[in-house]
Amino acid sequence: MSLKAGILSARSYLTILIGFLIGFAIVLWVEKQMPARVETTDGITLSKSFPPLPQPRELTFDEALWARIAWQYFVNNSQANGLVNAEENRAWLSLWSTGSYLLATIAAHKLHIISAAEFDDRISSALGALGALPLLPEGLPAAFYHADTLQPVASPVQAAGSAIDMGRLLMPLQILLWRYPQHALEVNQLLAKWQLAALLQSSGPQGASLPLNRWVIRTDDPRGSYGYRLYAGSVLRLINATAGLAVTQPPDGLKMIEIEGHAVPDEGLRTPWGKQPSLISMPYLLSGLEQGFDARSGEITWRLMQILQQRTGKPAGKGEINMDYAEQAPDFAGALPGTQPIPLQDENDNASESLTTRALTSTRTAFAWYALFRNQWSEALRQQMLPMIEPGKGWKAGFNVDGSVNPVIEADTNAMVLESLSYIAYGQLLCLSCSTPTSAAKSPQQGVTLE
């Protein structure tokens, strides 16, 4: 047999071999483009370059106006039962969005947007509605509810609500216990109805020397990253005597990723193509706004900000790493009796969607950077968000990865705007010695300066 004939007879095998080699070469090339990942058990300490935190100051006229625009969202989307839609004109809510609403209400009261009477009425109504939520067999709220009927949104997997989302809801409840004693009884009655210990799933004892179960995030938890664990763990550790030990155990070593010379936690999220490099800033920013930074959360936030500043103005490529993502609304899997279900997701929106299509330059994080680290970069980023104002409705989500406007108006964005502006005026929301305004101390027009 001639060489030519041999090659022709083996062409199918050669095609497979060449295809395999090409695919292998592509994998090697992609891996070289990805930032290097390292695993460490070392602690994260505050760097010498960490800037002084800004002192509280009165809001400018524009800032006071921005706060009122954000609060208008909650006015427009309040339900008769005392809770608020997670998204404009879409009657659903989650534990996370409800936590955002309660925090927004606290911030609005501190900023004198609402009176003490309205504050007390809204908080009492919300706590009463939360106490009336139908619970799952575990004694915990479901992941999502219909905002108008307070019935759980049907789900193929009737799992308990996210531990991370519950941590978000527990944050304002803790603030109410500390700073607003008139609502302490209502909060305690609510917490007594929930089996919070069921949030701490067991992974089995860690050894004879430490016979304690590690806190395990459910595999279907959409916020299972290190940053969200750190954010929620500060509240979940107070559940019972052993919860603090369980939630502070790191999940098998902290994986770091180096970008622009700064090592930060690898928040890579799962996609059908493997782990996609991504950084998450929101939980660290929320920690600063609500509880104040500790050395770990503060240093991570500072490194993330330096990465963002160094990447500002650079052309986006396929490996572009974003800091925030558009939230995914739940699907209605079935109709409530006598009602027509409203599709909360587009039909082409599914779990396998690449995160790059949901990347945002978000309004909420822009305001948080502006509040926590005030420099020319954060001022320019906040200024970039002015087109997101929707008069009479609130703030839009931000800019999509292609530069178009994401028109969604929802609770999380407007709550974070209010939290950020409250931080500028009064500091973190949970603070033992920070100034707390009273209804008699100032009128709603005070605490505002003109530029």
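The structure displayed is predicted, hence computed values, not measured ones.

Caption draft 1: Representation of the overall build of the chain within the structure. Of regular secondary structure, the chain possesses 14 helices and 15 strands. For the chain, the share of sequence-separated contacts (at least 6 apart) that also reach a separation of at least 24 residues comes to 71%. Accessible surface computed for the chain: about 21,500 Å², of which carbon and sulfur atoms make up 58%.

Caption draft 2: Focus on the side chain of His-109. Positionally, His-109 belongs in helix α4 (residues 95-110). Residue classification places His-109 among the buried positions, given a relative accessible area of 11%. Not counting residues up to four positions away in its chain, the partners in contact with His-109 are Ile-114, Ser-115, Ala-116, Phe-119 and Tyr-180.

Caption draft 3: Here's a closer look at unusual backbone geometry. Although it is not a glycine, His-112 sits at a positive phi angle of roughly 65°. Relative to the helices and strands, His-112 is located in the loop between α4 and α5 (116-131). Even without glycine at this site, Leu-150 takes up a positive phi of about 60°. Inspection of the secondary structure puts Leu-150 in the loop between β4 (144-146) and α6 (163-179).

Caption draft 4: Examining the pairing of strand β6 (residues 262-265) more closely. One ladder, built from 4 bridges, connects strand β5 (residues 254-259) with β6; its direction is antiparallel. Within the sheet, the bridge partner assigned to Ile-257 lies in β6 and is Val-264. Joining the antiparallel neighbours β5 and β6 is a turn of 2 residues, in which Glu-260 adopts a positive phi near 55°.

Caption draft 5: Geometry of the pattern of salt bridges. What the rule picks out here adds up to 8 salt bridges. In this structure, the salt-bridge partner of Glu-118 is Arg-122, at a minimum N-O distance of 3.1 Å. Within this pair, Glu-118 and its partner Arg-122 are both found in helix α5, separated by 4 residues, close to a single helical turn. On the accessibility criterion, Glu-118 (29% relative accessible area) is partly exposed. Among the salt bridges present, the one from Lys-396 reaches Glu-390, with a minimum N-O distance of 3.2 Å.

Caption draft 6: Representation of the packing of aromatic side chains. By the definition in use, this model includes 15 aromatic pairs. A cation sits over an aromatic face here: Arg-168 above Trp-96, 5.2 Å from the ring centre. Over the ring of Tyr-370 we find Arg-382; its NZ or CZ atom is 4.9 Å from the centre of that ring.

Caption draft 7: Region of the structure containing the confidence of the model for the chain. Chain-level pLDDT for the chain is 78 on average; 67% of the residues reach the 70-or-more range. Predicted confidence in the chain is weakest over strand β7 (residues 269-271), with a mean pLDDT of 48, and strongest over α5, with 98. Within the model, the stretch residues 316-320 combines pLDDT values under 50 with 3 contacts to residues more than four positions away or in other chains.

Caption draft 8: Spotlight on the packing of helix α12 (residues 363-372) against helix α14 (residues 411-426). Direction vectors running N to C along α12 and α14 enclose 10°, while the axes themselves pass 8 Å from each other. Of the possible angle classes, the one that applies to α12 and α14 is roughly parallel. From α12, Thr-363, Arg-364, Phe-367, Ala-368, Tyr-370, Ala-371 and Leu-372 reach across to α14, where they touch Asp-412, Thr-413, Met-416, Val-417, Ser-420, Leu-421, Tyr-423 and Ile-424. Taken together, the residues that form the contact of α12 with α14 break down as 10 nonpolar, 3 polar and 2 charged.

Caption draft 9: Structural view of the nonpolar core. Judged by nonpolar contacts, the single largest core of 110 residues is most densely connected at Phe-74 and Leu-418. For this core, the element with the highest residue contribution is α14, accounting for 10 residues. Ignoring anything within four residues of it in the chain, the contact list for Leu-418 reads Ala-67, Ala-70, Trp-71, Phe-74, Ala-104, Ala-107, Leu-111 and Ile-113.

Caption draft 10: Quick look at α12. Counting buried residues in α12 gives 10 out of 10 residues, a clear majority hidden from the surface. Taken as a whole, α12 has its buried residues at Thr-363, Arg-364, Thr-365, Ala-366, Phe-367, Ala-368, Trp-369, Tyr-370, Ala-371 and Leu-372.

Caption draft 11: Looking closely at α14. Between its terminal C-alpha atoms α14 stretches 22 Å, which fits the 22 Å expected from 16 residues at 1.5 Å a residue. Across the 16 residues that make up α14, a large majority, 16, are buried. Once α14 ends, the next one or two residues include Gly-427, with phi positive near 85°.

Caption draft 12: Geometry of the environment of Leu-304. Its place among the elements puts Leu-304 in helix α11 (residues 295-311). Here Leu-304 falls in the buried class, since its relative accessible area comes to 3%. Taking the C-alpha atoms as reference points, Leu-304 and Ile-280, 24 residues apart in sequence, are found 8.8 Å from one another.

Caption draft 13: Local environment of the environment of Leu-46. Mapping Leu-46 onto the fold places it in the loop between β1 (37-40) and β2 (59-60). For Leu-46, a relative accessible area of 43% gives the class partly exposed. With 254 residues separating them in the primary sequence, Leu-46 and Ile-300 have C-alpha atoms 8.7 Å apart.

The rules behind these values
- Every chain is numbered independently, its residues counted from 1 as its sequence is written.
- Two thresholds apply to this predicted model, a pLDDT of at least 70 for residue-level local features and 80 or more for giving and counting side-chain atom pairs, whereas whole-chain, interface and lining totals are computed over all residues.
- By convention in this description, side-chain values take in all heavy atoms of the structure and omit both hydrogens and water.
- Numbered from the N terminus, helices here are DSSP runs of H or I no shorter than four residues, and strands are runs of E no shorter than two.
- Whether two residues touch is decided by their heavy atoms; if any such pair falls within 4.5 Å, the residues are in contact.
- Residue exposure ignores everything except the shown protein chains as possible cover, and the areas themselves are Shrake-Rupley values with a 1.4 Å probe.
- In this scheme, a residue with accessible area under 20% of its type's maximum is buried, one over 50% is exposed, and one in between is partly exposed, where area comes from a 1.4 Å probe on protein chains only.
- Paired strands are those between which DSSP finds at least two bridges.
- A pair is scored as a salt bridge if a Lys or Arg side-chain nitrogen falls within 4 Å of a carboxyl oxygen belonging to Asp or Glu.
- We call Phe, Tyr and Trp rings a pair once their centres come within 6.5 Å, taking the six-membered ring for Trp, and we label the pair stacked below 30 degrees between planes, edge-to-face above 60, and tilted otherwise.
- Cation placement over rings: the criterion is NZ of Lys or CZ of Arg within 6 Å of the ring centroid and within 35° of the ring normal.
- As a per-residue measure, pLDDT tells how confident the predictor is, with possible values from 0 to 100.
- Here an axis means a line fitted to C-alpha atoms, over the contact stretch when the element is a helix, while the angle between two N-to-C directions is reported on a 0 to 180 degree scale.
- Should an angle fall under 35 degrees it is called roughly parallel, over 145 degrees roughly antiparallel, and 65 to 115 degrees roughly perpendicular, with every other angle called oblique.
- Amino acids are sorted into nonpolar (Ala, Val, Leu, Ile, Met, Phe, Trp, Tyr, Cys and Pro), charged (Asp, Glu, Lys and Arg) and polar (every other residue, Gly among them).
- The criterion is simple. A nonpolar core is a set of buried Ala, Val, Leu, Ile, Met, Phe, Trp, Tyr and Cys residues joined through side-chain atoms within 4.5 Å.
- For a helix, the expected span equals 1.5 Å multiplied by the number of residues minus one.

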